[in-house]
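If you want the building blocks of each chain, they are given just below.
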Amino acid sequence: MTHTTTPFGIISSGRAARLHTLQNSHGMQVALTDYGAAIVSIVAPDRNGALADVTLGYDRVEDYEADRGYLGIIAGRFANRIAHGRFPLDGREFQLALNTHPHHLHGGQDGFGKRVWTAQPHDDGLEFTLTSPDGDEGYPGKLDVSVKYSLTDADEIILHYRAESDAPTIVNLTNHAYFNLAGAGQGTILDHELQIHADRFVVTDENQIPTGDLPSLADTPMDFRESHRIGDRIDADFPALRPGGGYDHCYVIEGSGLRLAATAWDPDSGRVLEVLTDEPGLQFYSGNSLNGVIGKAGLAYLRRSGFCLEANHFPDSPNQPGFPSTVLRPGETYTQTTIYRFTTR
């Protein structure tokens, strides 16, 4: 694995950002920036060996600073939504920033995707670290966070997350990469095939806040237990699909430990993406709000031209006693591992 570092621009505070490019022995490349600890590009081969960049992003850090789509960033302290930005913990109620009115999304106005992290190389990749102070966006406790990216010769990108707090708090981290296995900016992802290893999903209301129900996927357009085109049922007249204009839902990944959660396949290029995780949920988002923003190489990212598979806990978990807990206490360590594995068929 080789590692090179180049300048990536300067944000409005005057602080410089860098671009770190990892390459394995097969020529696969992953570019990361310390702004948002974001994945900027993933260059992977197709079935004929031709390389293409398969994740959406920008050529300059200034565009990441202006971005509102969370392209490639680490979302935190709490990925996804918290209803009305409020949650109870140990008899107190905490109020967070409201950045998707009237709710809290992906850590608030100035979440982890809008911070410059500290980057440190390691043997097979790069580790990003960040300290979030007590009261940051309304969250209690000082939180020390690290995200380690590793690139292997098996064409796997391994993300290992770690966090510790000096006071009781909540934590739910994820990466928000958008994938297009045909190549970033190369049309929609509706012809991609997707399989999600889940029997249930998290039902949400008209504001995409969980109701607490975790029903079966059977006989619904939400069902990806068998691989099929993303576009087959995306516009079905079904209550869960209406608020987000397509898929934007957390799937319940049964079992424990590191396991296969989803497999995506582009029939034209033959590229396959497998997502493995030890998290209980996987948020599948079909890029419904992409609106033609100009990304890398001047290409427009149109509606549904990228999909996200975000491994994390369920949205609004702090307000749902029946969901897996996201509470982190002093002396405990939050850990999470997600793997993006690339192959062809």
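Read on for a plain summary of the structure.

Calculation notes
- Residues numbered from 1 in each chain as written.
- Predicted model: local features only at pLDDT ≥ 70, side-chain atom pairs only at ≥ 80, totals over all residues.
- Heavy atoms only, no water.
- Phe/Tyr/Trp six-rings, centres within 6.5 Å; stacked < 30°, edge-to-face > 60°.
- Helix = DSSP H or I, 4+ residues; strand = E, 2+ residues; numbered from the N terminus.
- Buried < 20%, exposed > 50% of the residue type's maximum accessible area, 1.4 Å probe, protein only.
- 1 Å grid on protein atoms, 1.4 Å probe; cavity = no way out; pocket = protein on both sides within 12 Å on 5 of 7 lines; lining within 4 Å.
- Points joined across faces, edges and corners; volume = space filled by probe spheres on them.
- Nonpolar A, V, L, I, M, F, W, Y, C, P; charged D, E, K, R; others polar.
- Pairing = 2+ DSSP bridges.
- Core = buried A, V, L, I, M, F, W, Y, C linked by side-chain atoms within 4.5 Å.
- Contact = heavy atoms within 4.5 Å.
- Salt bridge = Lys/Arg side-chain N within 4 Å of Asp/Glu carboxyl O.

### Structural notes on the packing of aromatic side chains
1) Next: Applying the stated criterion across every chain, the model contains 13 aromatic pairs.
2) Next: Between Phe8 and Tyr64, the aromatic rings sit 6.1 Å apart at their centres with planes inclined by 50°, giving tilted as the arrangement. In this pair, Phe8 sits in strand S1 (residues 2–10) while Tyr64 sits in helix H1 (residues 61–66), placing the two residues 56 residues apart along the sequence.
3) Next: Residue Tyr64 is classed as buried on the basis of its relative accessible area of 3%.

### Looking at the layout of surface pockets
1) Next: Roughly 410 Å³ of volume is contained in the largest pocket.
2) Next: If you go around the largest pocket, you meet 24 residues; those closest to its centre are Arg68, Gly69, Tyr178, Tyr285 and Ser289.
3) Next: In this structure, the second largest pocket encloses a volume near 310 Å³.
4) Next: Along the walls of the second largest pocket sit 15 residues, with Arg68, Tyr70, Asn99, Gly108 and Lys114 positioned nearest its centre.
5) Next: Looking at the lining of the second largest pocket residue by residue, the classes come out as five nonpolar, seven polar and three charged.

### A few points about the pairing of strand S11 (residues 118–122)
1) Next: When S11 meets strand S12 (residues 125–132), the two strands line up antiparallel, connected through five bridges. Bridge pairing links Pro121 to Leu126 in S12.
2) Next: Hairpin remark: S11 followed by S12, antiparallel, with two residues in the connecting loop.

### What about the nonpolar core?
Burial of nonpolar side chains together is a common tendency in soluble globular proteins.
1) Next: Grouped together as the largest cluster of nonpolar side chains are 59 residues, with contacts concentrated most on Ile157, Ile196, Tyr251, Phe284 and Phe342.
2) Next: At five residues, strand S13 (residues 143–151) tops the list of elements feeding residues into this core.
3) Next: Once residues within four sequence positions are removed from consideration, Phe342 is found in contact with Met28, Ile42, Ala44, Val54, Ala154, Asp155, Ile157, Phe179, Leu181, Val272 and Leu273.

### Considerations on empty space enclosed by the protein
Which parts of space are left empty comes out when a probe the size of a water molecule is rolled across the atoms.
1) Next: Across all of its chains, the model carries two cavities of 30 Å³ or more by this definition.
2) Next: Each pocket or cavity is described by its volume, and for the largest cavity that value is around 50 Å³.
3) Next: Along the walls of the largest cavity sit Asn80, Arg81, Val202, Thr204, Gln208, Asp248, His249, Cys250, Gln283 and Pro315, which together make up its complete lining.
4) Next: Here the lining of the largest cavity takes three residues from strand S20 (residues 248–252), the largest share from any one element.
5) Next: For the lining of the largest cavity, the per-class residue count stands at three nonpolar, five polar and two charged.
6) Next: Looking at the second largest cavity, the residues that line it are Gly76, Arg77, Gly107, Asp110, Gly111, Phe112, Arg115, Ser132, Asp136, Glu137 and Tyr139.
7) Next: Its residues assigned to classes, the lining of the second largest cavity comprises two nonpolar, four polar and five charged.

### Description of the pattern of salt bridges
If the charged atoms of two oppositely charged side chains come close together, the side chains can form a pair.
1) Next: The final tally for this structure, using the stated rule, is 17 salt bridges.
2) Next: The shortest N-O distance in the salt bridge between Lys296 and Asp53 comes to 2.6 Å. Here Asp53 lies in strand S5 (residues 51–53) and Lys296 lies in the loop between strand S24 (293–294) and strand S25 (300–301), a separation of 243 residues in the sequence.
3) Next: For Lys296, a relative accessible area of 9% translates into the label buried.
4) Next: A salt bridge links Arg115 to Asp136; the nearest nitrogen and oxygen atoms lie 2.8 Å apart.

### Let's talk about the sheet that holds S20
1) Next: Sheet architecture is open: four strands sit in the order S18-S20-S23-S26, paired in antiparallel fashion. Both outer strands of the open sheet, strand S18 (200–201) and strand S26 (308–312), are each paired with one neighbouring strand and no more.
2) Next: As paired strands, S20 and strand S23 (residues 281–285) are joined by five bridges and run antiparallel to one another. Of the residues in S23, the one forming a bridge with Val252 is Gly281.

### Overview of the environment of Asp110
1) Next: Among the secondary structure elements, Asp110 is positioned in the loop between strand S10 (104–105) and S11.
2) Next: The class for Asp110 is partly exposed, based on a relative accessible area of 32%.
3) Next: Along the sequence, Asp110 and Phe201 sit 91 residues apart, while their C-alpha atoms lie 29 Å from each other.
4) Next: Aside from chain neighbours lying at most four places away, what touches Asp110 is Arg115 and Glu137.

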